[in-house]
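Letter by letter, the chains look like this.
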Amino acid sequence: QADNIFTPQQEDFRLFMNMPLSLAGMITNVINIIVFLDSEMRTQLVNHFLLALSISDFLLLLFNFFFNIFPVIATMSTSVALQDSYPLILWYAYPLALITQTCGVYFTVLVSVHRYLGVCHPFRAKRWVSSQPVRIAIAFSILFSVALNVPTWMELDVARCYSHQWKQSLRTITLTALKASRLYLLIAKAIIYTIVMFLIPFTVLIVVNIRIIAALKQSTHLRTMHSSARMENRSKMLQNFQLLKASKYSDVFSKFSRLSNVTPGMKPSPANLKGGLRDRSVTFMLLAIVLIFLICNVIPFLNNCVEAYRIYTSSEDVEDTVGSDDREPQAWFDISVELGNILISLNSSSSLFVYLFFSSKYRSIIKQWLGLQRRTRVNGVALTTAVAAQKALELGMVPEEAERRERRRSNFGVGRGGGRGGGLGGGFVSRPRLASTGSRKVQMQLMITSRTSSQPESIDEAVEDEFLEMESKE
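No experiment lies behind these values; they were computed from the predicted model shown.

What counts and how
- Residues numbered from 1 in each chain as written.
- Predicted model: local features only at pLDDT ≥ 70, side-chain atom pairs only at ≥ 80, totals over all residues.
- Heavy atoms only, no water.
- UniProt positions renumbered as here; feature names shortened; annotations may be inferred.
- Helix = DSSP H or I, 4+ residues; strand = E, 2+ residues; numbered from the N terminus.
- Salt bridge = Lys/Arg side-chain N within 4 Å of Asp/Glu carboxyl O.
- Buried < 20%, exposed > 50% of the residue type's maximum accessible area, 1.4 Å probe, protein only.
- Patch = residues over 30% accessible without salt bridge, like charges linked within 9 Å, V, L, I, M, F, W, Y side chains within 5 Å.
- Areas by Shrake-Rupley, 256 points an atom, 1.4 Å probe, with all protein chains shown as cover.
- Core = buried A, V, L, I, M, F, W, Y, C linked by side-chain atoms within 4.5 Å.
- Contact = heavy atoms within 4.5 Å.
- Axes fitted to C-alpha atoms, helices over the stretch in contact; angles between N-to-C directions.
- Parallel < 35°, antiparallel > 145°, perpendicular 65-115°, else oblique.
- Left-handed = near helix turned anticlockwise from the far one by under 90°.
- Nonpolar A, V, L, I, M, F, W, Y, C, P; charged D, E, K, R; others polar.
- Pairing = 2+ DSSP bridges.
- Polar contact = N/O pair within 3.5 Å; in protein donor to acceptor, adjacent residues only side chain to side chain.
- Phe/Tyr/Trp six-rings, centres within 6.5 Å; stacked < 30°, edge-to-face > 60°.
- Lys NZ or Arg CZ within 6 Å of the ring centre and 35° of its normal.

Lay out the UniProt feature "transmembrane region" (unreviewed entry) in the protein chain in plain terms, naming residues and giving numbers.
Per the UniProt record, "transmembrane region" (unreviewed entry) is found at residues 15-37, 49-69, 89-113, 134-154, 190-216, 282-302 and 339-358. Helix makes up 71% of residues 134-154 and strand makes up 0%, while its end C-alpha atoms are separated by 32 Å. Structurally, residues 190-216 is divided into 100% helix and 0% strand, and its ends, taken at the C-alpha atoms, are 37 Å apart.

Here's what the structure looks like:
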């Protein structure tokens, strides 16, 4: 009979807790999808993973609605059409929900691995991680999820059965012989599902995020030590800075100082500080997403372990797994399963609040939608040209310009020297070498004083060692 398919506890959990959460989660994930499709968000590769995760969360909540909630609504209704249609809808929604759940799990793993490479191996990440590998990883995750859940299409079947309540033949959902097989349940559900959906993702997420947290702590410690060392050497660096300002390259050095925001106190520019804070904020945001994922999947993991144990200790006939003496434990297990489904819906619905809390760019786009902030269009070509020009200035213009100025001054000195051409001529031949050495010192001094928080400290040490070695030779 239709009114005995679901227990009162299952109806309450699904209608009053899971349904509002799923509907709200679908709305929040639509917002996430629209935001991550914005041109400002597509510039970062990590947002490609977050876009894919938002799409999988939306589809998971949608299929979860038709798999868990819609059958309850249909069986409680007096509509013959709903009574007849829900088994067919459930047959489609069940494997699709499992596919999207698998996608969401491995998209979360990809996000963590991507951030691990960016934090712990930044130079390798720049070489390895580009748009094409990201698309390949997302596509591979989708194909893997589909392949893993192909057997679930053969677990349920739809058959017609005469209903005494409705006095006509209606569709009903039944278990296939594959689903009733103990060997299949033991291999597919107890072993493969537990390893692929819980053990591998949990292990990777825990190990990777522990490494990320350790790297953040080490970075904070090194930054504190480096700041202390820079304060101790402040007087020496200020003296070198004053000597450079008083040298023959003072005009070039002053221009570069104004362009690159280099100050005598060796402080990084506000833009660089903002970039470093943004990177740390993204890292904390992804750590929060992973933490919510792990917490919300603890109860489903325990439920899966209990179910695997019951499958292992059961007989061949799956219908005999619940006897008359196991009614009360089965009722508690059903409640635990409903709580696990609610937590999975919560995990898929809560990402918007994490993005709002940690991502300033996400908040900015939301404010633009609400009319609270005007969108400022950035000329990408002009910005790229400006950055390239500044890098060229840092690496090439200062030494070349300094050498050209030195040659002009030397030529001017030769013209004024007149009859002392021999002595001045010898000086003129040797001066370019001195100019080249001096220019290299200027360049190294600029690299030392204009260091940002994102530049590796090993570069600073190498530059400082070479600078001190050149000073000792002179």
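Can you lay out the pattern of salt bridges for me, pointing to particular residues and giving the numbers?
Throughout the structure, instances matching the rule amount to five salt bridges. One salt bridge in this structure joins Arg-171 and Asp-84, with 2.9 Å as the shortest N-O distance. Of this pair, Arg-171 sits in strand 2 (residues 168-175) while Asp-84 sits in helix 3 (residues 80-120), and the two are 87 residues apart along the sequence. On the accessibility criterion, Arg-171 (27% relative accessible area) is partly exposed. Assessed through its relative accessible area of 15%, Asp-84 is described here as buried. Note that Lys-179 is salt-bridged to Glu-155, the shortest N-O span being 3.5 Å. With Lys-179 in helix 6 (residues 177-180) and Glu-155 in the loop between helix 5 (131-148) and strand 1 (156-163), this residue pair connects regions lying 24 residues apart in the sequence. Assigned by exposure class, Lys-179 and Glu-155 land together as buried.

Any details on a nonpolar patch on the surface? Residues and values, ideally.
A contiguous nonpolar patch, built from Leu-183, Ile-187, Ile-191, Ile-192, Ile-195, Leu-199 and Ile-200 and spanning about 570 Å² of accessible area, is present on the exposed surface. Mapping Ile-200 onto the fold places it in helix 7 (residues 182-232). Taking relative accessible area as the criterion, Ile-200 reaches 39% and is therefore assigned partly exposed.

Any chance you could break down the nonpolar core for me, citing the residues and the numbers?
Counting 35 residues, the largest nonpolar core has Phe-36, Leu-50, Met-285, Leu-286, Ile-289, Tyr-355 and Tyr-362 as its most contacted members. Put simply, the parts of the chain that give this core at least two residues each are helix 1 (8-36), helix 2 (46-76), helix 3, helix 5, helix 7, helix 10 (270-296), helix 13 (351-358) and helix 14 (360-369). With residues up to four places along the chain from it excluded, the contact list for Tyr-362 reads Ile-31, Asn-32, Val-35, Phe-36, Leu-352, Tyr-355 and Leu-356.

Kindly report on the packing of helix 1 against helix 2, identifying the contributing residues and their values.
Packed helix pairs are specified by the crossing angle of their axes together with the interaxial distance, meaning the distance between the axes. Contact geometry for helix 1 and helix 2: axes closest at 8 Å, N-to-C directions at 150°. Between helix 1 and helix 2, the crossing angle belongs to the class labelled roughly antiparallel. Crossing of helix 1 over helix 2 shows left-handed handedness. In the contact of helix 1 with helix 2, the residues fall into 17 nonpolar, nine polar and three charged.

Describe the pairing of strand 2, naming the residues involved and giving the relevant values.
Pairing of strand 1 with strand 2, which is carried by eight bridges, proceeds in the antiparallel orientation. Paired with Tyr-162 across the bridge in strand 2 is Ser-169.

Can you tell me about the side chain of Lys-189, naming the residues and giving the values?
Looking at the element boundaries, Lys-189 is found in helix 7. Given the relative accessible area of 14%, Lys-189 is considered buried. A polar contact is formed between the side chain of Lys-189 and the side chain of Glu-155, at a distance of 3.4 Å. If sequence neighbours within four positions are ignored, Lys-189 has contacts with Tyr-94, Leu-98, Thr-152, Glu-155, Lys-179, Tyr-184, Thr-194, Asn-304 and Ile-311.

If you had to explain the packing of aromatic side chains to someone new, which residues and values would you point to?
Going through the model one piece at a time under the given rule, you end up with 16 aromatic pairs. When the ring of Phe-67 is compared with that of Tyr-94, the centres are 5.3 Å apart and the planes differ by 40°; the resulting orientation is tilted. Taken together, the residues span a long stretch of sequence, with Phe-67 in helix 2 and Tyr-94 in helix 3 at a distance of 27 residues. Classification of Phe-67 as partly exposed rests on a relative accessible area of 24%. Directly above the ring of Tyr-193 sits Lys-189, whose terminal nitrogen or CZ lies 5.6 Å from the centroid.

Give a description of the environment of Ala-159 that names residues and reports values.
Within the secondary structure, Ala-159 is located in strand 1. Along the sequence, Ala-159 and Ser-169 sit 10 residues apart, while their C-alpha atoms lie 9.9 Å from each other. Setting aside chain neighbours within four positions, we find Ala-159 in contact with Leu-170, Arg-171 and Thr-172.

Pulling in residues and values, what's your account of the side chain of Gln-10?
Position of Gln-10 among the secondary structure elements: in helix 1. For Gln-10, a relative accessible area of 13% puts it in the buried group. Gln-10 has contacts with Ile-5, Asp-334 and Glu-338, leaving out every residue within four places of it along the chain.

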